[in-house]
Amino acid sequence: MSSYLITGARIVGGEVADLLIDNGEIVAVGTNLETPADVETIDAKGLIALPGLVDLHTHLREPGREDAETVLTGTRAAALGGFTAVFAMANTDPVADTAGVVEQVWRLGREGGYADVFPIGAVTVGRQGSQLAELGAMADSAARVRVFSDDGDCVWDAALMRRALEYVKAFGGVIAQHAQEPRLTQGAQMNEGALSGVLGLTGWPSVAEEAIIARDILLNAHVGSKLHICHLSTKGSVEIVRAAKRRGLDVTAEVTPHHLLLTEDLAASYNPVYKVNPPLRTKQDVEAVREGLADGTIDIVATDHAPHPIEDKDCEWSAASPGMIGLETALSVVQHAMVDTKLLTWAEVADRMSYRPAEIGQIGDHGRPLEAGAPANVVLIDPAVERTVVPGESVSLSRNTPFEGMTLPGRVVATFLRGTPTVLDGKPAR
């Protein structure tokens, strides 16, 4: 394993220092470091060093939809986005609702080598919402699953949701809820409001998200377990979570990059690339989720990277699958929406995109400060560079980015996973 000396980086956007990496660890941080004779030097002047990013919400599609993404291609995209760990959602085919399937995904991640993959187990069998899945068996498997979600569908039955929260409490697990009351969103195509009426598209009302969040917070307060809210998207949801945190309740929440930047107005184009679940909301909702992320009400940014093959998006809006890719653009969107607007510092970005998601997902080797003795999971970014998003340049198998043609700030220059470069000079290292 090679040794690397990263020189002149701004550590989490603060003081300039050098980082010495050897044998998979950060050996020293400072200046005038004593280095091995065969060390490889990387000039990081003008670059910011962050701990490797952690994505708590990624769709890797394997097994079953390898035409959209594989564990290998998805983690390569993750590395280019600065991620060293991703949590793979359970809506695969077969569904990741048994120890065997989650172990398959976990092993595929280990073989790929671009990022560590932590499978998320389904809450219910087949994600059908009628019977609890093998939560204990998945927790005891080689994958050591600690986060469970039926993402893509809501665990809408209150009694079943309560049992799930009670079950995972025994081993400190987390239930991550896709908050969508299905009876309020039948046939929904976009955010419900004046624009949906003008466009003739069935609306997805904010209350369908907010009602489930409020219910689950009350259930979790009763049970005393761990609840995580996936892809929070409305002003009302932010207010509900903020009130719960003021009461000291154990609830965490995430927001996606696209909900930090894009609004429902894009649906007027009828371009299915903008169709997503939950839908793009209003400008007021965008402002609210930005404020919530800034003040800590929303704990983390998670990509909800949702790749789809061309035929699932190159069709009429009503027939298109919801979802957007986002691993390679996430950090740039956060810089644009949060850092360049002075809502977050780079140190706070490290908190929202590395420390906190690792803590929620309970992975100790990631989300560590850049200090001696920590695993060398490091990303170097150039915040001064601007780039135009071109779908064909993505290493994902899918091209459904909503940021096509946009000029975004920041570029990942290098990513290290336990001291091994996965990205160098902005390109996959192998």
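Every value quoted in this text rests on a predicted model; they were computed, and no experiment measured them.

## Remarks on the sheet that holds strand 10 (residues 174-177)
- Across the sheet, which stays open at both edges, the five strands sit in the order 9-10-13-14-15 with parallel pairing between neighbours. One side of each edge strand has no neighbouring strand; the edge strands of this open sheet are strand 9 (147-148) and strand 15 (300-301).
- Relative to strand 13 (residues 227-229), strand 10 runs parallel, the two sharing three bridges. Bridge pairing in strand 13 places Ala176 opposite His228.
- Against the sheet, helix 6 (residues 206-223) touches strand 10, strand 13 and strand 14 (251-255), its axis set at about 165 degrees to strand 13.

## Brief notes about the pattern of salt bridges
- Scanning all chains against the criterion turns up 15 salt bridges.
- Note that Arg418 is salt-bridged to Asp116, the shortest N-O span being 2.6 Å. One end of the pair, Arg418, is in the loop between strand 17 (407-417) and strand 18 (420-424); the other, Asp116, is in strand 8 (residues 116-119), with 302 residues separating them in the sequence.
- Residue classification places Asp116 among the buried residues on the basis of a relative accessible area of 16%.
- Among the salt bridges present, the one from Glu166 reaches Arg162, with a minimum N-O distance of 3.0 Å. With Glu166 and Arg162 both in helix 4 (residues 158-169), this residue pair falls four residues apart, about one helical turn.
- Using a relative accessible area of 36% as the deciding quantity, one classes Glu166 as partly exposed.
- Each of Lys245, Asp299, Arg356 and Glu359 takes part in a single network of salt bridges with overlapping partners.

## Overview of the environment of Asp97
- Considering the arrangement of structural elements, one finds Asp97 in the loop between strand 7 (83-88) and helix 2 (99-112).
- Counting along the chain gives 30 residues from Asp97 to Arg127, while the straight-line C-alpha distance between them is 7.9 Å.
- With sequence-adjacent residues up to four places away left out, Asp97 is seen in contact with Ala122, Thr124, Val125, Gly126, Ala133, Glu134 and Met138.
- Separated by 2.8 Å, the side chain of Asp97 and the backbone nitrogen of Gly126 make a polar contact.

## Quick look at the packing of helix 7 (residues 235-246) against helix 9 (residues 283-295)
- One way to put it is that helix 7 packs onto helix 9 with a least axis distance of 8 Å and a crossing angle of 25 degrees. Put simply, helix 7 runs roughly parallel to helix 9. Residues Lys235, Val238 and Arg242 of helix 7 lie in contact with helix 9, whose contacting residues are Asp285, Ala288, Val289, Glu291, Gly292 and Asp295.
- Here the contact of helix 7 with helix 9 is built from residues that sort into three nonpolar, one polar and five charged.

## Overview of helix 4
- An ideal rise of 1.5 Å per residue puts 16 Å on twelve residues; helix 4 measures up with 17 Å between its terminal C-alpha atoms.
- Among all positions in helix 4, only Leu160, Met161, Ala164, Leu165 and Val168 are buried. What you see down the axis of helix 4 is that its buried residues fit within an arc of 140 degrees, all on one side.
- Buried-residue contacts for helix 4 involve helix 3 (135-140), strand 9, strand 10, helix 6 and strand 13.
- Put simply, Asp157 is the residue that caps the front of helix 4, since its side-chain oxygen is 2.9 Å from the backbone nitrogen of Ala159.

Definitions and cut-offs
Residues numbered from 1 in each chain as written. Predicted model: local features only at pLDDT ≥ 70, side-chain atom pairs only at ≥ 80, totals over all residues. Heavy atoms only, no water. Pairing = 2+ DSSP bridges. Helix = DSSP H or I, 4+ residues; strand = E, 2+ residues; numbered from the N terminus. Contact = heavy atoms within 4.5 Å. Axes fitted to C-alpha atoms, helices over the stretch in contact; angles between N-to-C directions. Salt bridge = Lys/Arg side-chain N within 4 Å of Asp/Glu carboxyl O. Buried < 20%, exposed > 50% of the residue type's maximum accessible area, 1.4 Å probe, protein only. Polar contact = N/O pair within 3.5 Å; in protein donor to acceptor, adjacent residues only side chain to side chain. Parallel < 35°, antiparallel > 145°, perpendicular 65-115°, else oblique. Nonpolar A, V, L, I, M, F, W, Y, C, P; charged D, E, K, R; others polar. Expected span 1.5 Å × (residues − 1). Arc of directions from axis to C-beta.

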